[in-house]
Amino acid sequence: KQWYQRRVAITAGGEVSCDAAAKLYKELRPPGIRLAQVQAGLEALYGDGMGDALEKQDFEEGLLELDRRYFLLQDLMWEFKVLARPDGLVTEDDAKLLFTATHEQSFSASKYEGWLKSRTIRGSGVSFAEIDVLLCNKPTSDEIIAELPSLPKEHTQVDLIQRSATTMITDRTRSHDKKKKLEKLGYLKKLQDLKAKRSENLKQRKSIDNKFKKSEDLKKLEEHERKRQEEEDERKRIAEEKKRAEEREKLEELQKAAAEKQRLKDLQDQEDSAKLQDAQEENERKAKEEAELENQRDEEEKRRKEEEDRLRAEKEADEKRKQKEAESEAAAAAALQADILAQEQRALEADKTKQNLLTSQMEEEMAQRDLMAAEEALEAAKAADDQSKIAEAQRLKKEADERSRTSKMIKRLTQAIQSRDVNELETTISDAKKKKINGVETYVAEAEDLVNLLYAGMQLENACRDRSIEDIETAIQKINDAGYEKVLAKEMNEAELLLKKLKRLEFLKRQVMELKQQTIAELKSYSKPPPVVKFVMTATFLILGHNAKDIKQWNQMVVLMGKTGKESLKRRVQSFEPDNISWDVAEACQEILVGMDTGSVADVSAGAAVFYIWCDGMVEERLSLPIVIPKE
């Protein structure tokens, strides 16, 4: 009842719903019973017309019914597990055994048959949730009477009693026969085991109830002691509050006296502080004016230094530009001089070749005339049948024929040299060596030298076209070893200039590639980078082909610096070539980098200094290339 008064949440009308009853009972007997059991128990006590609520004064009786079902369910659950199959279900026959063991003489065969018919699938396994409510329900008197054979309506109550007695004797006989049948099936032993276990559980439950009653008495004593302690604590609290109130009054009086004393003192201090404040304000005003003047001087000094740095950077850039222009002019003049010398050398060689060609033609004509004269003399000697003249004529003809072959080969070699065609030169040289013609050795050597010269020039041209440092160096070395540097002076000058640029670009790339990841991480770590760092990295990404709008914010550049693989910054720099930069981008980057130098950038960031060197070299290389205007 105490638990009921403390725990039961009733409605305004003094009623308890089935849901509330189930929740309250769960607090009393964890984990409680199903809502269907609660509804069935309350309906068994108060009938189907109880609705969804229970009167407050009837709830105690309802709790006893729920307790009966709770403890009965514990036994039934154990018995069900004994009979259950591996899948957790029992057969319909085992279910009937549970009904018989639970209801005993009150077992209703018709009610059991009705339950069987109501099943969706006859013969299937039976779960505990399907029969737990039916097992806990007590058969009513109406259900017991309904099991008796039907009687005519005019029979009296005495007849009904007599018929009931007869029925009971018949039922005992049937029960005896049923027991024999159950013994054969082995069910009787199971029923006896279940009853023995139920009796043991009942003893345990009584023991638990006795302990529960003792615990209730102990709770009453504890409750009484708790109330006594609360009353004692309340008395102490009142006394403490009274004492604190008296102390608070004394403290307030002391505080009032001290406040009055402090007020008089404050009046005096206000007068003194006003004077002191005026003096402090005057000092602060003077200090502020001096600080402003100092700031102005610092700003002017800063602007002066910035202007000097700007002018110095512009002067250095102008001197550097003039130096590069002078170097370019000197290189152009040297190239022009080398070209002039090469042209003069080629002109001399052309004149020599032309003269050799004329000489070979004249010698060929002379050899042809001598051959004709020798043939005529041979014919005349044969006609005169003069053997000495015949022999002389044959000797002259052989010499003339030899001179003719020599002059023709010289002419072919001279023409091949004049054409400067490698294939024709190699074919003519091969024929001259195969035919073993005397007197052409000089021309063959000249032709072979020309072939070597042409091959050296082509090798140098291919190396320059491929922009391979190693191949260019090899080609230049071969030309120097062969002594062709004067003849190929123009090509050598261009190749050496290109080699110098390529080595510089390679140096710039190597500087970037040798950057440690820690240095790039340092650049990425800036949340607000110094202006120099931002300008250098902006120029870097513009050169690599990014639009200005895509790198307007620093965090956008941080994302690009954080990419890996082929898209990493170092890999992109390594594979980049200056001719991929547009002229407009090169000029824009030159304007961004104006006023900077390697030293000033390195003072701010070593990593940014490396990218500055690379950007400056790329821009310089691109602006040194000719402007390519696309055709319409």
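Residues numbered from 1 in each chain as written. Predicted model: local features only at pLDDT ≥ 70, side-chain atom pairs only at ≥ 80, totals over all residues. Heavy atoms only, no water.

1. Regarding the overall build of the chain
We apply this condition: Note on conventions: DSSP H or I runs of at least 4 residues are helices, E runs of at least 2 residues are strands, and numbering of each starts at the N terminus. Using a 1.4 Å probe on the protein chains alone, a residue whose accessible area is under 20% of its type maximum counts as buried, one over 50% counts as exposed, and one in between counts as partly exposed. Throughout, a contact is declared for two residues whenever any of their heavy atoms are within 4.5 Å. Note on areas: Shrake-Rupley with a 1.4 Å probe; residue coverage comes only from the protein chains shown.
A count of helices and strands for the chain gives 22 helices and 2 strands. Buried residues in the chain amount to 30% of all 632 residues. In the chain, the share of contacts with a sequence separation of at least 24, taken over all contacts with a separation of at least 6, comes to 69%. Split by element, the accessible area of the chain, about 42,400 Å² in all, is 52% carbon and sulfur.

2. So, the packing of aromatic side chains
Aromatic ring pairs are defined here through the distance separating the ring centres and the angle between the ring planes. As a reminder, the rule being used: Between rings of Phe, Tyr and Trp, where Trp is taken as its six-membered ring, a pair exists when centres lie within 6.5 Å; planes separated by under 30 degrees are stacked, by over 60 edge-to-face, and by other angles tilted.
All chains considered together, the criterion is met by 8 aromatic pairs. Their ring planes at 40° and their centres at 5.8 Å tell us that Y112 and W115 sit as a pair that is tilted. With Y112 and W115 both in helix α6 (residues 109–118) and 3 residues apart, the pair spans about one turn of that helix. Comparing Y112 with W115, the two get one shared label, buried.

3. A word on the side chain of E92
We count it as follows: Polar contacts here mean pairs of N or O atoms no more than 3.5 Å apart (in protein, one a potential hydrogen donor and the other a potential acceptor; neighbouring residues in sequence count only if both atoms are side-chain atoms).
Tracing the backbone through its elements, the reader meets E92 in helix α5 (residues 92–103). Reaching out from E92, the side chain makes a polar contact with the side chain of R119 at a distance of 2.9 Å. In this structure, E92 is in contact with Y112, L116, R119, R122, G123, S124 and V126, ignoring residues within four places of it in sequence.

4. Focus on the environment of H103
Mapping H103 onto the fold places it in helix α5. Distance in space between the C-alpha atoms of H103 and K138 is 7.5 Å, their sequence separation being 35 residues. Those residues in contact with H103 that sit more than four places away from it in its chain are L134, L135, N137 and P139. Within the local environment of H103, its side chain forms a polar contact with the backbone oxygen of N137, the two atoms lying 3.3 Å apart.

5. Side note on the nonpolar core
Heads up, the rule is: Within this scheme, the nonpolar core is defined by two criteria: the residues are buried Ala, Val, Leu, Ile, Met, Phe, Trp, Tyr or Cys, and they are joined through side-chain atoms within 4.5 Å.
One finds M537, F541, I543 and W614 to be the most contacted residues of the largest nonpolar core, which totals 36 residues. When contributions to this core are tallied by element, the ones reaching two or more residues are α15 (489–513), α17 (531–543), α18 (554–561), α19 (569–574), α20 (583–593) and α22 (606–624). Here the element with the most residues in this core is α22; it accounts for 9 residues.

6. Notes on the pattern of salt bridges
Operational definition: The salt bridge criterion pairs a side-chain nitrogen of Lys or Arg with a carboxyl oxygen of Asp or Glu, the two atoms within 4 Å.
Applying the stated criterion across every chain yields a total of 18 salt bridges. Put simply, R29 and D67 hold a salt bridge, and the shortest N to O gap is 3.0 Å. A residue pair is termed long-range when its members are at least 10 positions apart, and R29 in the loop between α2 (18–28) and α3 (35–46) and D67 in helix α4 (residues 59–83) qualify at 38 residues. Here R29 falls in the buried class, since its relative accessible area comes to 15%.

7. Description of a negative patch on the surface
Going by this rule: Patch membership requires more than 30% relative accessible area and the absence of a salt bridge. Residues of like charge join within 9 Å; the nonpolar side chains Val, Leu, Ile, Met, Phe, Trp and Tyr join within 5 Å. Counted as positive: Lys and Arg. Counted as negative: Asp and Glu. His and the chain ends are not counted at all. Working definition for charges: the position is that of NZ of Lys, CZ of Arg, CG of Asp or CD of Glu.
Taken together, the side chains of E246, E247, E249, E252 and E253 define an acidic patch exposed on the protein surface. With respect to the helices and strands, E247 occurs in helix α10 (residues 187–384). By relative accessible area, which is 45% here, E247 ends up partly exposed.

8. Structural notes on the side chain of S108
Looking at the secondary structure, you find S108 in the loop between α5 and α6. A distance of 3.2 Å separates the side chain of S108 from the backbone nitrogen of K111, its partner in a polar contact.

9. Structural notes on α18
Threshold: Directions from the helix axis toward the C-beta atoms define the arc.
Of all the residues in α18, the buried ones are W554, M557, L560 and M561. Viewed along the axis of α18, the buried residues span an arc of 115°, placing them on a single side of the element. Opposite the buried face of α18, by more than 90 degrees, sit the exposed residues N555 and V559. At its buried positions, α18 is contacted by α16 (517–524), α17 and α19.

10. What to know about the environment of M492
Among the structural elements, M492 can be located in helix α15. Through-space distance from the C-alpha of M492 to that of I476 is 7.0 Å; in sequence the pair is 16 residues apart.

11. Structural notes on the confidence of the model for the chain
Operational definition: A score between 0 and 100, pLDDT records how confident the predictor is in each residue.
Predicted confidence across the chain gives a mean pLDDT of 76, with 74% of residues reaching 70 or more. In this model residues 150–158 is a low-confidence stretch, pLDDT under 50, and it forms 2 contacts with partners more than four residues away in sequence or in other chains. Note that pLDDT drops below 50 for residues 628–632; the model gives that stretch 0 contacts with residues more than four away or on any other chain.

12. Here's the deal with the packing of α17 against α18
To keep things clear, this is the line we draw: The convention used is that axes are lines fitted to C-alpha atoms, helices contributing only their stretch in contact, and that angles between N-to-C directions extend from 0 to 180 degrees. Angle categories are assigned with fixed cut-offs, so that under 35 degrees is roughly parallel, over 145 is roughly antiparallel, 65 to 115 is roughly perpendicular, and the rest are oblique. Handedness of a crossing is defined here by the sense of rotation of the near helix relative to the far one, left-handed for an anticlockwise turn of less than a right angle and right-handed for a clockwise turn. Charged means Asp, Glu, Lys or Arg here, nonpolar means Ala, Val, Leu, Ile, Met, Phe, Trp, Tyr, Cys or Pro, and polar covers whatever is left, Gly included.
Packing of α17 against α18 brings their axes to within 11 Å, and their N-to-C directions diverge by 55°. One way to sum up the angle between α17 and α18 is to call them oblique. Viewed along their axes, α17 and α18 form a crossing whose handedness is left-handed. Facing V533, K534, M537, T538 and F541 of α17, the residues of α18 in contact are W554, M557, L560 and M561. Partitioning the contact of α17 with α18 into residue classes produces 7 nonpolar, 1 polar and 1 charged.

13. As for unusual backbone geometry
At the junction of P30 and P31, the peptide bond is cis and its omega measures out at 0° in the coordinates. Note on placement: P31 falls in the loop between α2 and α3.

14. What to know about the state of the cysteines
The following threshold applies: Defined by distance alone, a disulfide is two cysteine sulfur atoms within 2.5 Å.
Applying the stated rule across the entire model yields 0 disulfides. Its sulfur unpaired, C589 is 6.6 Å from the next cysteine sulfur, which belongs to C615.

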